[in-house]
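Here's the letter readout for the chains.
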Amino acid sequence: MKTFKNFIGGVWAEPATGDYFDNVNPADTRDIIGRFPRSGAEDVERAVQAAKQGFELWRRTPAPIRGDVLRKVGDLLSARKEEIAQLMTREMGKPLNETRGDVQEGIDTAYYAASEGRRLFGHTVPSELRNKWAMSYRRPIGVAGLVTPFNFPMAIPTWKMFPALLCGNAVIFKPAEDVPHTATVLVEILLEAGLPPQVIQLVHGLGEEVGAAIVAHPEVPLISFTGSTETGRLVGEVCGRMHKRLSLEMGGKNAMIVLDDADLELALDGVLWGAFGTTGQRCTATSRLILQAGVHDEFLSRLVDRVRALRLGDGRKEGTDVGPLINANAVAKVERYVGIGQAEGADLLCGGRRATGKGLDAGHFFEPTIFARVKPCSRLEQEEIFGPVLAVIQVESVDEAFAVNNDVRYGLSSSIYTRDVNVAFRALNELDNGITYVNAPTIGAEAHLPFGGVKQTGNGHREGGWEVYEFYSETKVGYVDFSGVLQRAQIDTYLGTPD
Ligand code: NAD
């Protein structure tokens, strides 16, 4: 079995701990992909000291040149797209069409970042004083600690890493322990593209060990975290105490609303993809379906037929619709929530069990599950399950649908199916989410728009698009006075002050 290494200080290095963990294929747990370092605080310390050196070099590299490296990264990702999709499905489980999309998002993010190297706009504005220039520009910050989840093994690391690098920061990357192989290939590609080796450090290991050590390290001023709201709270507490710049992207409980006037066939396609794509393990997964009374019964019966026809299996096999959950803990969590739903009196319409049978017994498969008559404010309706479980809520009116959508602690994405343009625009205004889709499911973000959520999904920052470049750089203001005299702001600003 292959043993993988960290990348620290410009070399592939064994962990100081000497410990390793197995990376297992969730579709067949007999298939071990490799052993990866279970690193510790000493590895993090070495990574931080190396990254500091990398930062001194990289921050002086002109941004357009940094962009050229990222363009090459995009080219290399494109060339290796199929190979990466295959290995990603093997370690993460989702079907190949989804892992190809995951790599494509990394490619798009690379090319967007490359072009940003020739923008990184500041502002030049008039000074209130004569013969004086006033301008703002963007400076790199330092060593960025990036902690990422398992569900988008390529896209989410690139959302963080490429803007961080483009802005001139050095990076310490701690990928989720379920998907270390994709992370390793990403770092190989960055190096092949010509990134100076000290600028990127890859430290594998567990969240409570490596992740926590990066977050708490005093010489890492910038942390970007994507994961559960519970872990994000721990990260936020530490960063708050240490006055760190922090971006949090966390959980969701996203709803799709289908109104009486909706195109039902379109909405059916949407909810199948939104709820059961990635086995429900997307932060934007459709985990609630809010149905208006006039379409409730018909829509549900057609949906259950479609869900029963979904094919579970190894995501590398042609024809697989739904892959496995990521690990045994995820299966146990979904089972727990099925029990909670039943105890709360919801109607289990299909699924609700581990999936067994040919090709499934050695993997973490779970049947796509639908609960109807779910009560607003019940645990099934409020809590993130992160699995193939859809909670259906019936409502009478548009206003009630909006209220149910908004009455959760999360606020990532929402979706509405209607043919009424007035209602569609009202939804954009009134649904409390970072993203609202009209006549499309709750998933489908594009790399050049800001991505993130409100309430306990995030802390106000966004990934992607133009906004993320502000997170990874510091605004500096420069005033240049070429008047040759002392000019006092707010004092010598009267009309008639001599040149
Ligand atoms: P997780 O919180 O278990 O882990 C995320 C990362 O944090 C992993 O790398 C993990 O090792 C690390 N970690 C764990 N404990 C830590 C600690 N104490 N200190 C520092 N790091 C620690 O999440 P997960 O199971 O990998 O991913 C699923 C969650 O991520 C879901 O809640 C999902 O909604 C969320 N998510 C959110 C977005 C978004 O953009 N809002 C995107 C994808 C996933």
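By convention here, each chain's residues receive numbers from 1 onward along its written sequence. Per-residue local features are limited, in this predicted model, to residues with pLDDT of at least 70; the limit for side-chain atom pairs, both in listing and counting, is 80 or more; totals at the level of whole chains, interfaces and linings are taken over all residues. Heavy atoms throughout the structure, all of them, feed into the side-chain values; hydrogens and water do not.

**Topic: the overall build of the protein**
Consideration 1: Put simply, DSSP marks the helices as runs of H or I at least four residues long and the strands as runs of E at least two long, and each gets a number from the N terminus on. Within the protein, the secondary structure is distributed over 15 helices and 21 strands.
Consideration 2: Principal-axis analysis of the C-alpha atoms places the extent of the protein at approximately 80 × 60 × 40 Å.
Consideration 3: Accessible area is worked out with a 1.4 Å probe on protein chains only. A residue is then buried under 20% of its type maximum, exposed over 50%, and partly exposed in between. For the protein, the residues scored as buried account for 57% of the 499 residues in total.
Consideration 4: In the protein, the proportion of contacts linking residues at least 24 apart, taken out of those at least 6 apart, comes to 73%.
Consideration 5: A total accessible area of about 20,400 Å² is found for the protein, and carbon and sulfur atoms account for 51% of it.
Consideration 6: In the protein, the 53 positive side-chain charges and the 64 negative ones have mean positions that sit 4 Å from each other. Between two residues, a contact is recorded if the distance between any of their heavy atoms is within 4.5 Å. Methods summary: accessible areas were calculated by the Shrake-Rupley approach with a probe of 1.4 Å, and residue burial reflects only the protein chains presented. Under the convention used here, Asp and Glu are negative, Lys and Arg are positive, and both His and the chain ends fall outside the count. In plain terms, the charge of a residue is placed at NZ if it is Lys, CZ if Arg, CG if Asp and CD if Glu.

**Re the site of the ligand**
Consideration 1: Around the ligand lies a shell of 29 residues, among which T148, K174, E177, M250 and E384 are the nearest.
Consideration 2: Backbone polar atom of G207 to an oxygen atom of the ligand: 3.3 Å apart, as the coordinates give it.
Consideration 3: Note that an oxygen atom of the ligand is positioned 2.9 Å from one of the backbone N or O atoms of S228.
Consideration 4: Within the complex, the protein chains bury 89% of what would otherwise be the 850 Å² of accessible surface of the ligand.
Consideration 5: Looking at the shell around the ligand, the elements that each hand over two or more residues are α7 (207-215), β10 (222-226) and α8 (229-241).
Consideration 6: With 4 residues, α7 is the single largest residue contributor to the shell around the ligand.
Consideration 7: Split by residue class, the shell around the ligand holds 15 nonpolar, 9 polar and 5 charged.
Consideration 8: No fewer than three residues from each of domain 1 (6-250 + 458-477) and domain 2 (254-438) sit in the shell around the ligand. Whether a residue is near a molecule or strand depends on its heavy atoms: if one lies within 4 Å, it is near. Two N or O atoms form a polar contact when they lie within 3.5 Å of each other; inside protein one atom must be a possible hydrogen donor and the other a possible acceptor, and for residues adjacent in sequence the pair counts only when both atoms belong to side chains. All residues other than Ala, Val, Leu, Ile, Met, Phe, Trp, Tyr, Cys, Pro, Asp, Glu, Lys and Arg, Gly among them, are scored as polar; the first ten of these are nonpolar and the last four charged. Domain limits in this description derive from either an automatic procedure or a database domain assignment.

**As for unusual backbone geometry**
Consideration 1: For C377, which is not glycine, the phi dihedral falls at a positive 75°.
Consideration 2: With respect to the helices and strands, the residue C377 is situated in the loop between β15 (369-372) and α12 (379-382).
Consideration 3: In the Ramachandran plot, F386 falls in the positive-phi region, its phi being about 60° despite a non-glycine side chain.
Consideration 4: Residue position: F386 is located in the loop between α12 and β16 (389-395).

**Thoughts on the nonpolar core**
Consideration 1: We define a nonpolar core as any set of buried Ala, Val, Leu, Ile, Met, Phe, Trp, Tyr and Cys residues linked to one another through side-chain atoms lying within 4.5 Å. One finds M161, F162, L165, F173, L190 and I200 to be the most contacted residues of the largest nonpolar core, which totals 45 residues.
Consideration 2: In this view, F162 contacts L70, V73, L77, G106, T109, A110, A113, L186 and L190; residues no more than four positions away in its chain are not counted.

**Description of the domain arrangement of the protein**
Consideration 1: For the protein, the domain assignment lists domain 1 (6-250 + 458-477) and domain 2 (254-438).
Consideration 2: On a C-alpha basis, the centres of domain 1 and domain 2 stand 31 Å from each other.
Consideration 3: Listed per partner, the contact involves 26 residues of domain 1 and 26 residues of domain 2.
Consideration 4: With both chains or domains summed, domain 1 and domain 2 bury close to 2,000 Å², and 57% of this area falls on carbon and sulfur atoms.
Consideration 5: When a carboxyl oxygen of Asp or Glu is within 4 Å of a side-chain nitrogen of Lys or Arg, the pair counts as a salt bridge. In this structure, the connection of domain 1 to domain 2 is made through 2 salt bridges.
Consideration 6: Between R409 and E230 there is a salt bridge whose closest N-O contact spans 3.0 Å.
Consideration 7: Our count for the domain 1 to domain 2 interface comes out at 7 residue pairs in polar contact (both at pLDDT 80 or more).
Consideration 8: Sorting the residues of the side of domain 1 that touches domain 2 by element identifies α3 (81-92), α4 (96-116) and α8 as the ones contributing at least two each.
Consideration 9: Residues of the side of domain 1 that touches domain 2, tallied by class, amount to 8 nonpolar, 7 polar and 11 charged. The term buried area means the drop in 1.4 Å probe accessible area that two parts suffer when joined, counted for both and summed.

**Topic: the sheet that holds strand β21 (residues 474-481)**
Consideration 1: Any two strands between which DSSP finds at least two bridges are classified as paired. Taken in spatial order, the 3 strands make up an open sheet running β5-β6-β21, and their pairing is antiparallel. The sheet terminates laterally at β5 (123-126) and β21, the two strands that pair on one side only. Between one strand axis and the next, the sheet turns through 20° on average, direction left out of account.
Consideration 2: Direction of pairing for β5 relative to strand β6 (residues 132-139): antiparallel, over a ladder of 4 bridges. From the neighbouring strand, H123 faces β6, where its bridge partner is S136. Here the axes come from fitting lines to C-alpha atoms, over the contacting stretch only for helices, and the angles between their N-to-C directions go from 0 to 180 degrees.

**Describing the environment of I393**
Consideration 1: Inspection of the secondary structure puts I393 in strand β16.
Consideration 2: Taking the C-alpha atoms as reference points, I393 and V220, separated by 173 residues in sequence, lie 45 Å from one another.
Consideration 3: Those residues within four positions of I393 in sequence are excluded, and the remaining contacts are R288, L289, I290, L291, V374, P376, E381 and V404.

**Some details on the sheet that holds strand β14 (residues 347-350)**
Consideration 1: Taken in spatial order, the 7 strands line up as β14-β15-β16-β13-β12-β18-β19 in an open sheet, and their pairing is mixed. In the strand order of this sheet, the two ends are held by β14 and β19 (435-438), each with one partner. Here the strands of the sheet are splayed against their neighbours by 20° on average, with no regard to which way each runs.
Consideration 2: Both strand β12 (residues 254-258) and strand β18 (residues 413-417) contribute to a ladder of 4 bridges, which runs parallel. Looking across to β18, one finds that A255 is bridged to S414.
Consideration 3: The strands that helix α9 (residues 264-276) touches are β12, β13 (286-292), β15, β16 and β18; relative to β12, the one it contacts most, it runs at about 170°.

**Side note on the packing of aromatic side chains**
Consideration 1: The criterion for an aromatic pair is that two Phe, Tyr or Trp rings (for Trp, the six-membered ring) have centres within 6.5 Å, with stacked assigned to planes under 30 degrees apart, edge-to-face to planes over 60 apart and tilted to the rest. Evaluated as defined, the whole model comprises 7 aromatic pairs.
Consideration 2: Judged by centre distance (4.8 Å) and plane angle (50°), the ring pair of W159 and F451 falls under tilted. Within this pair, whereas W159 is found in helix α5 (residues 155-166), its partner F451 is found in the loop between β19 and β20 (454-455), the two being separated by 292 residues in sequence.
Consideration 3: W159 sits in the buried class, given a relative accessible area of 10%.
Consideration 4: Pairwise contacts between aromatic rings join F4, F21 and F36 into one cluster.

**Some details on a nonpolar patch on the surface**
Consideration 1: Taken together, V421, F425, L428 and V438 make up a surface patch of nonpolar side chains, about 360 Å² in accessible area.
Consideration 2: Broken down by element, the residue count for the nonpolar patch peaks at 3 residues, all from helix α14 (residues 421-430).
Consideration 3: With respect to the secondary-structure elements, L428 resides in helix α14.
Consideration 4: You can call L428 partly exposed: its relative accessible area is 41%. Only residues whose relative accessible area exceeds 30% and that form no salt bridge enter a patch; like-charged residues are grouped when within 9 Å of one another, and nonpolar side chains (Val, Leu, Ile, Met, Phe, Trp, Tyr) when within 5 Å.

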